[in-house]
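Structural description and commentary
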Amino acid sequence: MRVLVTGGAGYVGCHAVDALLRAGHEVRVYDNLELGHAGAVPLGLLIEGDLAEGDKLSDVLSEQRIDAVMHFAAYSTVGESVTDPGRYWHNNVLGTLSLLDAMRATNVRSLVFSSTCATYGVPKKSPIAESTPQDPVNPYGMSKLTIERALADYASAYGLGYAALRYFNACGASPHGHLGEAHANESHLIPICLQAALGQSESVTIFGVDYPTRDGTCIRDYIHVDDLADAHLRALERLSPGAGLRLNLGTGRGFSVREVIDACRRVSGREIHVEIGTRRTGDPPELVADPSRAREVLGWTARYSEIDPIVETAWQWHVAHPAGYPDGPGAAFEHS
Ligand code: UDP
């Protein structure tokens with residue numbers, strides 16, 4: 001298949017591009033490079049553009065003879081979505097509608113969409129199955145849920161075949177060493193811990209130690225980015241016109257913030273200084289997936305289920321790329 005990957009210069013997107021290419025698919029990346037890195041895209045595959053440019057998207061879909069789309073391009077920082085929701089409604093919602101309409105206009109009917117466990121809000125039960133009511137508590141989760149609803153309507157009315165993959169906490173880096181997590185303003189726990197281990201920051205602040213969990217800190221389901229990429233490939237092969245898959249992607253295991261920090265200490269062999277902070281707005285105490293439906297439907301299970309091997313891949317990336325991606329188109333691939 002020839003697959004257009006929006007946001008393919010971003011963290012999860014570039015790992016999916018890698019997996020698609022390794023599986024023998026053809027890829028084009030559509031990315032505005034606002035948050036993505038040209039260095040993370042193999043040479044010759046990048047088309048620079050914004051989701052808001054509907055005509056450009058239509059041209060790309062038809063001129064490049066695209067068969068299917070994997071749609072990663074989105075903003076994904078919960079806290080920012082609370083303080084600046086307009087960015088999320090415009091880019092995540094309107095931007096995706098622009099993509100869907102371009103797909104309609106060019107008769108491209110297959111879409112794998114990055115959704116999120118943030119669509120569940122603060123669930124009453126753990127682990128979280130797909131039948132758990134979706135009730136987001138922040139604009140980021142709401143923007144993704146809104147698109148899930150639009151996808152269902154586009155499927156029944158226009159014959160779109162789609163998968164909405166609800167990620168838990170994406171983390172880790174390619175074991176091949178060339179791709180990893182490089183955000184300009186890092187907010188995620190594992191890279192923040194590893195940056196502290198490298199001496200790039202003084203300490204890590206734990207956002208709340210008074211949660212009703214085993215050690216008082218939040219519990220999350222950390223899913224390796226290559227496992228996510230693998231699930232996208234499998235979903236792509238199972239799309240059918242007019243039908244939708246809605247699947248949780250997690251390991252089914254939860255680790256607390258303190259347990260993740262300890263894993264980062266073990267793997268790096270470095271001390272990581274910790275400060276105790278207050279709770280971060282919008283953080284549910286526990287988010288752990290029930291991934292059994294993804295196993296049944298996709299034949300998929302996470303290959304990384306222990307936290308140390310996940311952190312190990314991230315540590316290798318951070319040690320080798322303390323300043324993130326090398327500059328220049330395709331730069332990450334020059335020695336891989
Ligand atoms: N967290 C923390 N300190 C940090 C960053 C994150 O205590 O500097 C906690 C955060 O409150 C959450 C967990 O680590 O409980 C994972 O947060 P992250 O931002 O990595 O992912 P999210 O769960 O927001 O998608």
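In short, a report on the structure. None of these values were measured; they are calculated from a predicted model.

Looking at the second largest pocket, its volume works out to about 210 Å³. Around the second largest pocket sit 13 residues that line it, and Val122, Pro123, Lys124, Thr132 and Pro133 are the ones nearest its centre. Its residues assigned to classes, the lining of the second largest pocket shows seven nonpolar, three polar and three charged.

The omega torsion of the bond from Ser126 to Pro127 falls at 0°, within 30 degrees of zero and hence cis. Mapping Pro127 onto the fold places it in the loop between strand 5 (110–116) and helix 5 (139–158). Positive phi outside glycine occurs at Arg65, with the angle close to 50°. Secondary-structure assignment places Arg65 in the loop between helix 2 (54–63) and strand 4 (68–71). Judged by its relative accessible area of 58%, Arg65 falls in the exposed class. One non-glycine residue, Asn107, lies in positive phi territory at about 65°. In this structure, Asn107 sits in the loop between helix 4 (85–105) and strand 5.

By the alternation rule, side chains of strand 4 split into Ala68 and Met70 and Val69 and His71, which are all buried. Two strands pair when backbone bridges link them, and strand 1 (residues 2–6) and strand 4 are joined in this way by four bridges, in the parallel orientation. Of the residues in strand 4, the one forming a bridge with Val5 is Met70. Where strand 4 and strand 5 come together, three bridges link them in parallel fashion. Each bridged residue has a counterpart across the sheet, and for Val69 the counterpart in strand 5 is Leu111.

This paragraph deals with empty space enclosed by the protein. Applying the stated rule across the entire model yields one cavity of 30 Å³ or more. The computed volume of the largest cavity comes to approximately 40 Å³. Along its surface, the largest cavity is lined by His71, Phe72, Ala73, Ala74, Asn92, Thr96, Phe113, Ser143, Lys144 and Ile147. Secondary-structure elements contributing two or more residues to the lining of the largest cavity are helix 4 and helix 5. The dominant element in the lining of the largest cavity, judged by the number of residues it contributes, is helix 5, at three residues.

Between the first and last C-alpha of helix 5 there are 27 Å, a value that for 20 residues agrees with the 28 Å anticipated at 1.5 Å per step. Within the sequence span of helix 5, burial applies to Pro139, Tyr140, Gly141, Ser143, Lys144, Leu145, Ile147, Glu148, Ala150, Leu151, Tyr154 and Ala155. Phi turns positive, to about 80°, at Gly159, one or two residues after helix 5.

With that out of the way, let us pick up the site of the ligand. For the ligand, the set of nearby residues contains 14 residues, the closest of which are Leu189, Thr205, Phe207, Arg280 and Asp283. Arg280 places a side-chain nitrogen or oxygen 2.7 Å from an oxygen atom of the ligand. Asp283 is positioned such that a nitrogen or oxygen atom in its side chain is 2.5 Å from an oxygen atom of the ligand. When isolated, the ligand has an accessible area of 520 Å², and the protein chains bury 89% of it. Ranked by residues supplied to the shell around the ligand, first place goes to strand 8 (residues 204–207) with three residues. Tallied by class, the residues present in the shell around the ligand amount to seven nonpolar, four polar and three charged.

Its location among the elements puts Asp67 in the loop between helix 2 and strand 4. Here the alpha-carbon distance between Asp67 and His318, two residues 251 residues apart in the chain, equals 35 Å. What Asp67 contacts, discounting residues up to four positions off in sequence, is Met1, Arg2, Val108 and Ser110. A polar contact is formed between the side chain of Asp67 and the backbone nitrogen of Arg2, at a distance of 2.7 Å.

This part takes up the packing of helix 6 (residues 189–197) against helix 8 (residues 257–268). Relative orientation of the contacting elements helix 6 and helix 8 amounts to 40°, with a least axis distance of 10 Å. Taken together, the axes of helix 6 and helix 8 lie oblique to each other. Like other packed secondary-structure pairs, helix 6 and helix 8 cross with a definite hand, here right-handed. Along the contact surface, helix 6 presents Leu189, Ile190, Cys193, Leu194 and Ala197, while helix 8 presents Val257, Val260, Ile261, Cys264 and Ser268. The residue inventory of the contact of helix 6 with helix 8, partitioned by class, reads nine nonpolar, one polar and no charged.

Parameters and conventions
- The residue numbers shown here count from 1 along each chain, following its written sequence.
- For a predicted model such as this one, the threshold for reporting local features is a pLDDT of at least 70, and the threshold for listing and counting side-chain atom pairs is 80 or more; totals across whole chains, interfaces and linings nevertheless cover every residue.
- Hydrogens and water are ignored here; the side-chain numbers use all heavy atoms of the structure.
- Put simply, the grid is 1 Å and covers the protein atoms alone, a cavity is a trapped set of points that fit a 1.4 Å probe, a pocket is an open set with protein on both sides within 12 Å along at least five of seven lines, and lining residues have an atom within 4 Å of a point.
- Grid points are joined across faces, edges and corners, and a volume is the space filled by probe spheres set on the points.
- The residue classification treats Ala, Val, Leu, Ile, Met, Phe, Trp, Tyr, Cys and Pro as nonpolar and Asp, Glu, Lys and Arg as charged. All others, Gly included, are polar.
- Helical segments are the DSSP runs of H or I of at least four residues, strand segments are the runs of E of at least two, and each set is numbered from the N terminus.
- Exposed residues in this analysis have more than 50% of their type's maximum accessible area, buried residues have under 20%, and partly exposed residues fall in between, with area computed by a 1.4 Å probe over protein chains only.
- Two strands are said to pair when DSSP picks up at least two bridges between them.
- Helices are assigned an expected span. That span is 1.5 Å times one less than the residue count.
- Definition of nearness: a residue and a molecule or strand are near each other if at least one heavy atom of the residue lies within 4 Å of the molecule or strand.
- Between N or O atoms, a polar contact is any pair within 3.5 Å; within protein, one atom must be a potential hydrogen donor and the other a potential acceptor, and residues adjacent in sequence are included only when both atoms are from side chains.
- Note on areas: Shrake-Rupley, 1.4 Å probe, and residue coverage restricted to the protein chains presented here.
- Contact criterion: two residues are considered in contact whenever any of their non-hydrogen atoms come within 4.5 Å of each other.
- To get an axis, a line is fitted to the C-alpha atoms, and for a helix only the part in contact is used. The angle between two axes follows their N-to-C directions and goes from 0 to 180 degrees.
- Our angle categories are set so that under 35 degrees counts as roughly parallel, over 145 as roughly antiparallel, 65 to 115 as roughly perpendicular, and the remainder as oblique.
- It is the rotation of the near helix from the far one that decides the hand of a crossing: anticlockwise by less than a right angle makes it left-handed, clockwise makes it right-handed.

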